[in-house]
Structures are given as structure tokens and as C-alpha cells.
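Next come the chains, spelled out residue by residue.
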Amino acid sequence: MNDSGSSFAKPGHIPGPPLWLLAELTYRCPLQCPYCSNPLDFAKQSEELTTAQWIEVFRQARELGAAQLGFSGGEPLVRQDLTELIRAARELGYYTNLITSGIGLSEERIAEFAEAGLDHIQISFQAADEEVNNLLAGSSKAFAQKLAMARAVKKHGYPMVLNFVTHRHNIDNIERIIELCIELEADFVELATCQFYGWAELNRAGLLPTKAQLERAERITNEWRAKLAAQGHPCKLIFVTPDYYEERPKACMNGWGSLFLDITPDGTALPCHSAKMLPVQFPKVTEHSLKHIWYDSFGFNRYRGDDWMPEPCRSCDEKDRDFGGCRCQAFMLTGDADNADPVCGKSQHHGLILDARRQAEEAPKGLDELTHRNVHASQLICKS
Amino acid sequence: MSGLNTELVPVLRRGFRFQWEPAQGCHVLLYPEGMIKLNDSAGAILAEVDGQRSIGAIVADLSARFPDVQGIAEDIMVFLEVARERFWIEFR
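Reading guide: rules and limits
- Residues numbered from 1 in each chain as written.
- Chains lettered and ligands numbered in written order.
- Predicted model: local features only at pLDDT ≥ 70, side-chain atom pairs only at ≥ 80, totals over all residues.
- Heavy atoms only, no water.
- Helix = DSSP H or I, 4+ residues; strand = E, 2+ residues; numbered from the N terminus.
- Rg over C-alpha atoms; globule rule 2.2 N^0.38 Å.
- Buried < 20%, exposed > 50% of the residue type's maximum accessible area, 1.4 Å probe, protein only.
- Contact = heavy atoms within 4.5 Å.
- Areas by Shrake-Rupley, 256 points an atom, 1.4 Å probe, with all protein chains shown as cover.
- Lys, Arg positive; Asp, Glu negative; His and termini not counted.
- Charge placed at Lys NZ, Arg CZ, Asp CG, Glu CD.
- Buried area = accessible area lost by both parts, 1.4 Å probe.
- Salt bridge = Lys/Arg side-chain N within 4 Å of Asp/Glu carboxyl O.
- Pairing = 2+ DSSP bridges.
- Core = buried A, V, L, I, M, F, W, Y, C linked by side-chain atoms within 4.5 Å.
- Axes fitted to C-alpha atoms, helices over the stretch in contact; angles between N-to-C directions.
- Expected span 1.5 Å × (residues − 1).
- Phe/Tyr/Trp six-rings, centres within 6.5 Å; stacked < 30°, edge-to-face > 60°.
- Lys NZ or Arg CZ within 6 Å of the ring centre and 35° of its normal.

Bringing the overall build of chain B into the picture now. Per the secondary structure count, chain B includes three helices and five strands. Its C-alpha radius of gyration of 13 Å places chain B within 12% of the 12 Å reference for a compact globule of 92 residues. Judged by the C-alpha coordinates and their principal axes, chain B covers about 35 × 30 × 20 Å. Evaluated residue by residue, chain B yields a buried proportion of 45% over its 92 residues. For chain B, the proportion of contacts with a sequence separation of at least 24, taken over those separated by at least 6, is 53%. Of the roughly 4,800 Å² that chain B leaves accessible, carbon and sulfur atoms contribute 51%. For chain B, the distance from the average site of its 9 positive side-chain charges to the average site of its 13 negative ones is 8 Å.

Next comes the structure, spelled out in C-alpha cells:
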């Protein structure tokens, strides 16, 4: 573990601690969701940290100040040492979140995780009806399993977040989605309109909803919020809009390397789970201490502060609010990660976003035209 | 004065955890995928919420510990009501 080496820390810019640690334990997953945020070339990356290496990552991040720990993937349940990882994380004082598809879960494991100290389980659904859910997930049994596991999670006393990634093929069903979440006694519901990274970017023409679809979904969500508030119901609905319909970019990750630390299955440390696509060298936990990685590494300092910004961000009076938006989106859409996020109306590349909106209206792709996320597709895409 | 019944016992909502965070130098309330940083007074009040003692007992205890703070009983009651409205705590 190397604590020394050159520091790329920016003078006058002292980052706060990494409060959120996301442990992407594995890229293995039994489902094939076409909007997966994993990298397209995940099949080439089969290396995974060992149990002891993960626990050392948890220890170091906790020492730096991380309080929230998400077990994610891929599907984290395929790791046979998950109970051991949960127990170690909980003993270190983390609030532990299992972010799962529910596939591979059983009542026995739910009870075992509770005993190990797991604080919360989030289950993701693909849709509120069996047929669309299973079609999107690429699995004929997924929906029934998810329902059963959501009920078991509540039965064992956990708080539960249900997550629905919404897109043009399921967003019109939002009312039924919300009803299902209330029936299942979710404490929090994330209605997250698809963000276009990884496999979702590849499938964007088949996923981006129209503006009318989005506005209708938001209106129905607001009606439900009012209804729940009137009943004193504790369930909270979180509606995430896609930035493709905004004129200003999102303050991505609350700023580069400002509070979020992601570790990929092979131990690469990233400031967000998409950043590996960028032409930036990122450090590995097997080679450097997390302290060095967070405060001094080249990768984590690359987009801190604002001295890297070209116009129109450089002279923009909103740059402290949105940090120029998302570096990954700038890179994917303009070829240069330094550019303003094209979502911004001031970007010279904003036309790309307008084109995507037009395509959503005039020439969308069907459900049957989506490329599913699986090893075969990953190998094909990354060979070419 | 707040309309809260002082015999009620406040308890953290299931899935919410209160703890001291040295790196942030404050108490926080942790919940699924979220964290609320608490100021000193909120931290001092939530530290008393143990699911055993009533609002009245908590008010008496904090009033004795901070005799110089004017209107402390009202402040505690207002905070507990806000915490309930936000579903951080429940009353039993």
C-alpha cells in the first residue's frame, strides 16, 4: 500500500471526506437489463477483490469518514462472502445498504443478513407488470421472485426502498407502479427516469421517454404525494427526471470527488460509477491507500475545482452550482470530457440533446429492439 | 406551548440510526441511502430518544442539564414535532 508518491491535490481546494462508499462487488448478474449502468466491456473485467481486500477498503474508507456503504454490482448476491462483508462493514459503524435485483435472495439469506447487521435492502423492479418486467430483465421468473422477496424484506423488519428505472416502455404505467410500491409497504420509492450511461446510452433511442410522457408521470407522482401526505403516510416518492429535458446540467455527484467514492470489482477507485470510460487514469486500491487516492491521486483531482474548465463554463456565473455538469456525458456526446455537459443550453453541442428529444418523438425504437446486457453482447460490442 | 402529549414516548423510526461521526464532528441520522447532519441542539435531543423515556422525562433531563437556556422545553417540543412530521421518529 503506497501512501507516498506525487500529490495532484489542487492548492486552495480542500475536499471534504468521502461520505458515500459504493462497493461494486462484482459485474456478474443473472439479469440482462438494457439500461444497466455497468460498462459495455464488463465481460473483459472478471477480476474481483477478495473478501479481505474488500474489508480493508471498508476500514480505510470508514477512517476517512464514509458513513454510508452500498453493496452493489452487478448483482451483489452472487458473492458468497456477502454476509461476512456485511458483518465487517456494520462493525465498522457503516449504515449498510444492499442494492439488489432480488434474484438470488431467499428468506434464509434475508434473515442471515439481518443477523449480520444489514440496515436496509433496496430491490429494483423493471416494471409493475409481469410480462414487461420479465421481458426487460431477460428472465421469465424475475417478477414473481421480486414480489416474494419484497414481502420477505418487510417481514424481517428492514426498511425498504423500491427502485423502478422508468423509460418510454414503462413510464405510462406509473400509477400502477406507485400502487404496487404502496401495497408492498415500501418506505421509499425511487422513480428514476433512465440516465444514459453504459448500456442505457447504447439503447437510448429505445428508452428516452417523450416530454409528454414525462410530464404526465410527474403530475401523477405529485398527485400521489399529496394523497400520501393527506393520509400521514410515511412512504416517500422520489422522482428523478432525466437531464435530457433540462436546459441546465445536473450538479453531477455534487461535484467531482466531493463526497462519493466508488470501487469497481477489480479495485479501481472512481469518483462515479461511469467514470472508467473517461481517458483519465484512476488508481487501484491494491496499489495505493484510500487516503492517497481520495486526496492526492491524479484521477480524483482531475476535475476538482474549476481551473480545468473551458468556455462557456469558465466565465459562467452558475459554475459553482452545477460544476459544468457531468464529465462522462460531455465525453460520450462531444468526445472531450472537459467540455460543458451538452445538456446545458449554453453548450455549443446542445443540439445533440435536442436531436435525442426529437428522436424520442419521431423515431423511437421498440422494446424488441433493445440490446440486452449480457456477456455475449458485451464481447461482441467490445471486439468491434 | 406545543400541543404534544408529554407522556408519549418518542422512538426512532425503523431503519433510522443516530450516531456520532468524528470525521464530520457532529451527530448524524442515517437512513436508507441518506444522512442528515444534525446541529448541536438536534443532536442533544435525539441522543435522549431511546424508545424508553417519555417526552416529559426528556424535557426534564435536558432542562436540568442546560438550566441557562431560555425556552428549552418549547424548543424540544418543536423539534420533536418536526422530526415526527419528517418521519424520523414516531411516538408511542
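With that settled, consider the overall build of chain A. Of regular secondary structure, chain A possesses 14 helices and nine strands. Scaling as 2.2 N^0.38, a compact globule of 384 residues should have a C-alpha radius of gyration of about 21 Å, and chain A matches this with 21 Å. The C-alpha extent of chain A, read off along each of the three principal axes, is 55 × 50 × 50 Å. Per-residue burial over chain A gives 57% buried out of 384 residues. Counted over contacts in chain A with a minimum sequence separation of 6, partners at least 24 positions apart contribute 74%. Surface accessibility of chain A: about 15,500 Å² in total, with carbon and sulfur atoms responsible for 51%. Taking the average place of the 40 positive charges on the side chains of chain A and the average place of its 52 negative ones, the gap between the two points comes to 1 Å.

A word on the interface of chain B and chain A. The interface of chain B with chain A comprises 16 residues on the first partner and 27 residues on the second. Carbon and sulfur atoms make up 54% of the area that chain B and chain A hide from each other, which totals about 1,700 Å². Considering only the surface of chain B that becomes buried against chain A, R14, R17 and E33 of chain B emerge as the three largest contributors, covering 38% of it. Scanning the region where chain B abuts chain A turns up three salt bridges. Put simply, R17 of chain B and D119 of chain A hold a salt bridge, and the shortest N to O gap is 2.8 Å.

With that settled, the discussion passes to the sheet that holds strand β6 (residues 188-193) of chain A. Residues and elements named next belong to chain A. Overall, mixed pairing links the nine strands, which are arranged β7-β6-β5-β4-β3-β2-β1-β8-β9 in an open sheet. With one partner strand each, in any of the chains shown, β7 (236-240) and β9 (269-270) form the two edges of the open sheet. By the bridge criterion, five bridges tie β6 to β7 in an arrangement that is parallel. In the sheet register, L191 faces β7, and the bridge partner there is F239.

Attention now goes to the pairing of strand β3 (residues 26-31) of chain B. Residue and element names in this part refer to chain B. Where burial is concerned, most of β3 is hidden: five out of the six residues are buried. Both strand β2 (residues 17-21) and β3 contribute to a ladder of five bridges, which runs antiparallel. From the neighbouring strand, W20 faces β3, where its bridge partner is H27. The antiparallel pairing of β2 with β3 creates a hairpin that spans four residues between the two strands, and G25 there sits at a positive phi of about 65°. In the sheet, β3 pairs with strand β4 (residues 34-37) via four bridges, with the strands oriented antiparallel. Paired with L29 across the strands is I36, a residue of β4. The loop that links β3 with its antiparallel partner β4 comprises two residues; one of these, E33, has a positive phi angle of about 60°.

All names here are of chain A. L21, F58, F71 and I263 are the most contacted members of the largest nonpolar core, which has 88 residues in total. For this core, the element with the most residues is helix α5 (residues 142-155), which contributes seven residues. Residues within four places of F58 in sequence aside, it is in contact with L21, A23, L69, F71, L85, A89, L92 and Y94.

Glancing now at the side chain of N301 of chain A. Residues and elements named next belong to chain A. Mapped onto the fold, N301 is located in helix α10 (residues 298-301). Classification of N301 as buried rests on a relative accessible area of 3%. N301 has contacts with F8, A9, K10, W256, Y295 and D296, leaving out every residue within four places of it along the chain.

Time to look at the sheet that holds β4 of chain B. All names here are of chain B. Across the sheet, three strands lie side by side as β2-β3-β4; this open sheet has antiparallel pairing. Two strands bound the open sheet, and with one partner strand each, they are β2 and β4. Each strand axis lies, on average, 30° off the axis of its neighbour in the sheet, ignoring direction.

Another point: helix α1 (residues 51-64) of chain A. With 14 residues, α1 of chain A extends 20 Å from end C-alpha to end C-alpha; this agrees with the ideal 20 Å at 1.5 Å per step. Of the positions making up α1 of chain A, those classed as buried are T51, W54, V57, F58, Q60, A61, R62 and L64 of chain A.

All names here are of chain A. Throughout the structure, instances matching the rule amount to 15 aromatic pairs over all chains. Ring geometry for F125 versus F164: centroids 5.2 Å apart, planes at 15°, classification stacked. Of this pair, F125 sits in strand β4 (residues 120-125) while F164 is found in strand β5 (residues 160-166), placing the two residues 39 residues apart along the sequence. The buried category is assigned to F125, whose relative accessible area is 1%. With 6.1 Å between their ring centres and 40° between their planes, W256 and F282 make a pair best called tilted. Highlighted residues: W256 in the loop between β7 and β8 (260-263) and F282 in the loop between β9 and α9 (290-296), separated in sequence by 26 residues. Linked through ring pairs, W54, F58, F71 and Y94 together constitute an aromatic cluster. The residue whose ring lies beneath R327 is Y303, and the NZ or CZ to ring-centre distance is 5.8 Å.

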